[in-house]
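Structure assessment
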Amino acid sequence: MMGEDRDRWKKVEVNQRALVDKVLARYPEDFTVFRELLQNADDARATKVQIDFQTSDYAEHSAGANGKANGINGTISDLDKELFKWVVRNNGEFFEEKDWNRLTKIADGNPDVQKIGAFGVGFYTVFSVTDRPVVVSGGKSLSIFFEGDQLYTLDGTRANSEWTSIEMDLKKDMRGPVPKPFDLARFLAATMTFMLNVKTISVSFDGWAFLKLTKSRDMPDDIALPSDMHPTSMGDTMRIKTVSVVHQEIIVEITDLALAAGTKTPSAQHAGMENLSRNPVQCEGFWEDISTKSEALMVAPPSQASTLDHPPWSTYTAKYAVYSAAVSVHPSIGFRDGLHAMTKKYPPDDFEFEMVYFSKEEYDAIAAEEKRDPILGSVFRGQQGLFPLLNGQYMSRVFIGQSTAQTTGIAGHLSGRFIPTVERGSIDLTNSHIAKWNEELLYVGGFLARLVYEKEIKIIRSIWPKDAPTNSHAAASSKNQAMYTMQYFTFNPSTPDAKVSKILQNVFFTCSRSESFPILSNSGIRDTKDVRQPNERFSSFMKVMPVRIAAEPGDPPSLIDSLPERYTVRTYTFEDVVSELRGRTLQDDEMVGLLRWWVDVYETVTNHGKTLSELKEATKSYSGTPKREISLVNIFKFVDSNIMGPWLRPDDALPPDTIPLSFTRTLAQGKITPALSWEPMTVVDWLTYLISPQ
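A brief look at the structure comes next. (Residues numbered from 1 in each chain as written. Predicted model: local features only at pLDDT ≥ 70, side-chain atom pairs only at ≥ 80, totals over all residues. Heavy atoms only, no water.)

1. So, the overall build of the chain
Convention followed: Going along the chain from the N terminus, every DSSP run of H or I of four or more residues is numbered as a helix, and every run of E of two or more is numbered as a strand. When a residue's accessible area, from a 1.4 Å probe over protein chains only, is under 20% of the maximum for its type it is buried; when over 50% it is exposed; and in between it is partly exposed. Residue contacts are counted whenever heavy atoms from the two residues lie within 4.5 Å of one another. Note that accessible areas follow from Shrake-Rupley with a 1.4 Å probe, and for residues the cover is restricted to the protein chains shown.
Helix and strand content of the chain: 18 helices and 21 strands. The buried share of the chain, reckoned over its 694 residues, is 53%. In the chain, 71% of the contacts between residues at least 6 apart in sequence involve partners at least 24 apart. On the chain, roughly 32,100 Å² of surface is accessible, and the fraction owed to carbon and sulfur atoms is 52%.

2. Focus: unusual backbone geometry
Glycine aside, residues mostly have negative phi, and peptide bonds are mostly found in the trans state. In this model, Thr-495 is joined to Pro-496 through a cis peptide bond whose omega is -5°. Looking at where Pro-496 falls in the secondary structure, it is placed in the loop between α10 (476–488) and α11 (499–510). Unusually for a residue other than glycine, Ser-432 sits at a positive phi of about 20°. Here Ser-432 shows up in helix α9 (residues 432–463). Residue Ser-432 is classed as partly exposed on the basis of its relative accessible area, which comes to 47%. Backbone geometry places Ser-677, a non-glycine residue, at a positive phi of 60°. For Ser-677, the location among the structural elements is in the loop between α17 (669–676) and β21 (679–680).

3. Section: the pattern of salt bridges
Here is the rule we go by: Whenever a carboxyl oxygen of Asp or Glu lies within 4 Å of a side-chain nitrogen of Lys or Arg, that contact is scored as a salt bridge.
A complete count under the given rule lists 25 salt bridges for this structure. In this structure, Lys-360 engages Asp-364 in a salt bridge whose closest nitrogen and oxygen atoms are separated by 2.6 Å. Note that Lys-360 and Asp-364 are positioned in helix α8 (residues 360–372) at a spacing of four residues, about one turn of the helix. Residue classification places Lys-360 among the buried residues on the basis of a relative accessible area of 19%. Overall, the relative accessible area of 35% leaves Asp-364 in the partly exposed class. Residues Arg-584 and Glu-580 are paired through a salt bridge, measuring 3.1 Å at the closest nitrogen-oxygen approach.

4. Here's the deal with the nonpolar core
Test applied: Buried Ala, Val, Leu, Ile, Met, Phe, Trp, Tyr and Cys residues form a nonpolar core when they are joined through side-chain atoms within 4.5 Å.
Membership of the largest hydrophobic core comes to 138 residues, with the highest contact counts inside it found for Phe-53, Leu-188, Ile-201, Leu-211, Val-252, Phe-380 and Phe-489. Sort the elements by how many residues they give to this core and α9 lands first, with 14 residues. The residues touching Phe-380, leaving out its near neighbours within four places in the chain, are Ala-189, Ile-250, Val-252, Tyr-316, Thr-317, Ala-318, Ile-366, Glu-369, Gly-385, Leu-386 and Phe-387. Listed in part, the 34 residues of the second largest apolar core include Met-591, Leu-594, Ile-659 and Leu-676.

5. Remarks on the pairing of strand β14 (residues 402–407)
We count it as follows: Strand pairing requires that DSSP identify at least two bridges connecting the strands.
Counted residue by residue, β14 has five buried out of six residues, so it is predominantly covered. Inspection of the sheet shows strand β13 (residues 397–400) paired to β14 by three bridges, in the antiparallel sense. Along β14, the bridge assignment pairs Ile-400 with Gln-402. Remark: one residue form the turn of the hairpin made by β13 and β14, two consecutive strands paired antiparallel; Gly-401 in that turn has positive phi of roughly 75°.

6. What about the packing of helix α2 (residues 32–43) against helix α5 (residues 181–191)?
So the rule is basically this: Only the contacting stretch of a helix is used when fitting its axis, a line to C-alpha atoms as for every element, and angles between N-to-C directions run 0 to 180 degrees. Each crossing is labelled by how the near helix is turned from the far one, with a counterclockwise turn of less than a right angle marking it left-handed and a clockwise turn marking it right-handed. In the scheme used here, Gly and all other residues not listed as nonpolar or charged are polar, with Ala, Val, Leu, Ile, Met, Phe, Trp, Tyr, Cys and Pro taken as nonpolar and Asp, Glu, Lys and Arg as charged.
It is the contact of α2 with α5, at a shortest axis distance of 11 Å, that shows an interaxial angle of 35°. In this structure, α2 crosses over α5, and the sense of that crossing is right-handed. Along the contact surface, α2 presents Phe-34, Arg-35 and Leu-38, while α5 presents Leu-184, Phe-187, Leu-188 and Thr-191. Residue composition of the contact of α2 with α5, by class: five nonpolar, one polar and one charged.

7. Remarks on the packing of α9 against α11
Definition in use: An angle below 35 degrees is treated as roughly parallel, one above 145 as roughly antiparallel, one from 65 to 115 as roughly perpendicular, and anything else as oblique.
Following both chains from N to C, one finds α9 and α11 inclined at 55°, their axes separated by 8 Å at the closest point. Classified by the angle their axes make, α9 and α11 are oblique. For the pair α9 and α11, the sense of crossing is right-handed. Counting all contacts with α9, which are made through Glu-439, Leu-442, Tyr-443, Gly-445, Gly-446, Phe-447, Ala-449, Arg-450 and Tyr-453, the residues of α11 involved are Val-500, Ile-503, Leu-504, Val-507, Phe-508 and Phe-509.

8. Some thoughts on the packing of aromatic side chains
Just so we agree on the cut-off: The pairing test for Phe, Tyr and Trp rings, Trp by its six-membered ring, is centres within 6.5 Å, and the orientation test on the planes gives stacked under 30 degrees, edge-to-face over 60, and tilted for anything in between. Two conditions define a charge located above a ring, namely a distance within 6 Å from the ring centre to NZ of Lys or CZ of Arg, and an angle within 35 degrees of the ring normal.
Scanning the model with the defined rule gives 35 aromatic pairs in all. Their ring planes at 85° and their centres at 5.0 Å tell us that Phe-508 and Phe-509 sit as a pair that is edge-to-face. Residues Phe-508 and Phe-509 agree in their burial class; the two are buried. Taken together, Tyr-357, Tyr-363, Tyr-453, Tyr-484, Tyr-488, Phe-489, Phe-491, Phe-508, Phe-509, Phe-517 and Tyr-567 form an aromatic cluster joined through their ring pairs. Here Lys-436 stacks its cationic end above the ring of Phe-335, 4.6 Å away from the centre of that ring.

9. Notes on a nonpolar patch on the surface
Applied cut-off: Residues forming no salt bridge and having over 30% relative accessible area are the ones grouped into patches, like charges within 9 Å of each other and nonpolar side chains (Val, Leu, Ile, Met, Phe, Trp, Tyr) within 5 Å.
Together, Val-683, Leu-687, Leu-690 and Ile-691 line one region of the surface with nonpolar side chains, adding up to about 390 Å² of accessible area. With respect to the helices and strands, Leu-690 occurs in helix α18 (residues 683–691). Overall, the relative accessible area of 43% leaves Leu-690 in the partly exposed class.

10. With respect to the environment of Pro-347
Structurally, Pro-347 can be placed in the loop between α7 (333–343) and β12 (350–357). Sequence-wise, Pro-347 and Val-329 are 18 residues apart; in three dimensions their C-alpha atoms are separated by 7.8 Å.

11. What about the side chain of Ser-521?
In this structure, Ser-521 sits in strand β16 (residues 518–521). On the accessibility criterion, Ser-521 (0% relative accessible area) is buried. Those residues in contact with Ser-521 that lie beyond four places of it in its chain are Thr-470, Arg-526, Val-531, Pro-546, Val-547 and Ile-549.

12. Some points on the pairing of β16
Burial along β16 is two-sided: Pro-518 and Leu-520 facing one way and Ile-519 and Ser-521 facing the other are all buried. Examined bridge by bridge, β16 and strand β17 (residues 524–527) share four bridges and lie antiparallel to one another. For Ser-521, the partnering residue across the bridge sits in β17 and is Gly-524. Between β16 and β17, which follow one another and run antiparallel, lie two residues.

13. What to know about helix α15 (residues 608–618)
Inclusion rule: For this quantity, the arc is that covered by the directions from the helix axis to the C-beta atoms.
Of all the residues in α15, the buried ones are Thr-611, Leu-612, Leu-615, Lys-616 and Ala-618. Along the long axis of α15, the arc covered by the buried residues comes to 165°, so they all point the same way. Seen from the open side of α15, the exposed residues pointing more than 90 degrees away from its buried face are Lys-610 and Glu-617. Looking at the packing, one finds that the buried side of α15 touches α13 (574–582), α14 (588–601), β18 (620–623), β19 (628–631) and α17.

14. Notes on α14
We apply this condition: Working rule for helices: expected span equals 1.5 Å times residues minus one.
With 14 residues, α14 extends 20 Å between its outermost C-alpha atoms, agreeing within 8% with the 20 Å of an ideal straight helix rising 1.5 Å per residue. Within α14, 10 of the 14 residues are buried, which leaves the element mostly enclosed by the surrounding structure. For α14, every residue scored as buried is listed here: Glu-590, Met-591, Val-592, Gly-593, Leu-594, Leu-595, Trp-597, Trp-598, Val-599 and Val-601. Taken together, the buried residues of α14 touch α12 (536–539), α13, α15, β18, α16 (661–664) and α17.

Take it as geometry only, folks, not as evidence of what the structure does.
Here is the structure:
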């Protein structure tokens, strides 16, 4: 039927300029261009990346993509000058014919399963800053440009160089000063975290470096998979084969002149204050015109020495652990084909899934760095930064090679082969096969989170000072470590998609068969099945059973608040009371507390007689002068303080079947007999005892 109507078919036209400007080049955050080009460099197995910001004079006289100046003897003294061009270089593999071909086809994703790119649109973010990007690689060049609303390409040749370069002559409305170097450093430090190959990034102005980042990793240590944890995802698509941990270090070196340019996003200590600058004459926003000035904190400008060829440098270091799960993939044929239909690439047979864990010592070091510079804060924490704030202000994110805007809900970044929405703002949990793939990946994330939590808590439990209460001075350090770890894995709402945190939290609690879940109690690290909710009615006599640390007003949400039913911290039971009483002898004040509790609750107890007998058989105390054992099972009488109280002195002897008055004086006298089945001691009882030969 369609063939019969072919003469009436009309071709659908696509306005390529509108497609690029309104969709492909509109990404949600700053530095998106660098994010995409860095990912391309990492996919090309580059170890070095250079970012060069160039003025028009330098660009006109430079040798182009090889970055060698020709006749310009520049300095880095004027970072606020208007830029004309950005150049991003990497020393990765040169473009092959298939790579050049893909550049000319929008949405023709990379079919290589080992590459991160899925949709083939990331490169087009460059059109947010340029109308004519030029790619140079292996002696060849390709210029991409608009003629009207149509994209065209023009190939050419260049001098051979070790670099693959992307040159971007800036649009007129994008020709501002160098982006705030401190903010760029913060972004790049986080960006490098999960990159497989890139080890160094240098950033320069007219060929002169003002920012360097270096990443290094130790040798990994294998971690045994706990036998009680399920290594296979809910849909049986992914299996965790092994887990290892590696310690990673990122060093940031930045010139004092670059620091003086200030920040667009001030530290948490200056939340709400915009565009602070360490140099009172340089206060522009990220793309603000240099003639527009705004107020800034008055900090001395850099010395003249900072404008010379060898400016002073400041160095910052961050160390942290990266946990890596080796994952094998076993999709059904239908699932595999469905993913290929939607992404034009088959799922990988195996891949690495990683999670960052920042120790408390590392976290505190970054906090101290922030305090030392209350204007800039830390280069490792802030918007798009590496280190989160546990109060949720700067939340950790999902990485797909590079960071997305999707937060994890916990304090650790997660990196895996997620399939994002086209703009990479979040991961796709909507579209059928893609949603299933991402949910299976989140299982791996929840599994890793549980494994790391159990590992860290186990370490704290092993070093806890013997028999030291949580609030003791001896246990202070261990207590703080435990509180930090529990807060690290407290699941906050994730954004923009709240389902991410919910899925991770569900897996975190269900991926283990163990009925035990360790938490911090008033007696150190204990399993929730052995811990009880704090209750003032029991606190006067229950001294051994661990109790949950009570929350204070204003405390942030706690991991304990989200425990599922199987791990819930329960309230005291009568069995708890009897179990503890059988194991120890009560002090006088504890006996008073026990009797007061029982008199208050006995009316609500079922099978009162049997329960009371168990309580009496379990309870004993030492009291009197001289001390004697008092077992409630041998007590049948009490002193009614309303009748005998005025006649008795505290040291008067009482019959052995009578409870000391000090234990019952404060109780409701009329409830003692029905609650405890004790009768009031009469005067005759007392006198008979006093005159008896015994």
